[in-house]
Amino acid sequence: MSQDLEKVLFTSDQIQARIDEVASQIDADYEGREILLVGVLNGAVMVMSDLQRAMRSHVEMDWMAVSSYGAGTQSSGVVRILKDLNADLEGRDVIVVEDIIDTGLTLSYLMSNLASRGPASLEIMTMFRKPDAAQMEVPVKYVGFEIPNEFVVGYGLDYAGRYRNLRDVGTLAKHVYS
């Protein structure tokens, strides 16, 4: 798989160090409160797992699956809920955990949907954000890393279902998807 990467942006050690920092910030911000982490499948599996293990607060986890990509490299802007939550959000402190935010279109829809369910608070944590790709502003409280507007894979990020298992995050070589 290494020949499919143009360059490594973040190593697994850098990612884990940043996860630890974000977890400490969330613990401080939510001291004495229980948090519901809502992971967005499939990409957030790695982030969610590492984040909740690094936290010292009591956390509950639930999962949603939404899609706006298909097999392409750019968001289609059409959002479909593939799997909804099991938990009731009414009166809960909720943090949506994402792997990456690029256009913001999918997340904007998701946040509107979740806000309508009456949570006490609703915030976003994303491991990666592409500010240059934003088409819609979405307030993100916790950001792991800001990255260039390139197609990246690894640490849960995929291309056509592949590369999620890479421990590092890197840019995908154009020959893979051209």
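Refer to the preceding data block for the structure.
First, a word on what this report is: a plain description of the structure on this page.

Rules used throughout
- Residues numbered from 1 in each chain as written.
- Predicted model: local features only at pLDDT ≥ 70, side-chain atom pairs only at ≥ 80, totals over all residues.
- Heavy atoms only, no water.
- Helix = DSSP H or I, 4+ residues; strand = E, 2+ residues; numbered from the N terminus.
- Pairing = 2+ DSSP bridges.
- Phe/Tyr/Trp six-rings, centres within 6.5 Å; stacked < 30°, edge-to-face > 60°.
- Buried < 20%, exposed > 50% of the residue type's maximum accessible area, 1.4 Å probe, protein only.

Turning next to unusual backbone geometry. Between Leu41 and Asn42 the backbone carries a cis peptide bond, its omega angle lying at 0°. Within the secondary structure, Asn42 is located in the loop between β2 (35-41) and α2 (45-54). One non-glycine residue, Tyr155, lies in the positive phi region at around 50°. Even without being a glycine, Tyr163 presents a positive backbone phi close to 80°.

Pairing in this open sheet of 3 strands is antiparallel, and the strands run β1-β9-β8 from one edge to the other. Since the sheet does not close on itself, it has two edges, and those belong to β1 (5-10) and β8 (152-153), each with one partner. Sheet topology places β8 next to strand β9 (residues 169-172); 2 bridges connect them, and they run antiparallel. The residue bridging Val153 from the neighbouring strand is Gly170, located in β9.

To continue, consider the packing of aromatic side chains. Counted by the stated rule, this structure contains 6 aromatic pairs. An angle of 35° between the planes, with centres 5.9 Å apart, marks the rings of Phe10 and Phe128 as tilted. Separated by 118 residues along the polypeptide, Phe10 in strand β1 and Phe128 in strand β6 (residues 121-129) bring together distant segments of the chain. Classification of Phe128 as buried rests on a relative accessible area of 0%. Centre to centre, the rings of Phe151 and Tyr177 are 6.0 Å apart; their planes meet at 55°, and the pair counts as tilted. Taken as a pair, Phe151 in the loop between β7 (142-146) and β8 and Tyr177 in helix α4 (residues 174-177) lie far apart in primary sequence, 26 residues in all. For Phe151, a relative accessible area of 12% puts it in the buried group. The rings of Phe10, Phe128 and Phe145 are connected pair by pair, giving a single aromatic cluster.

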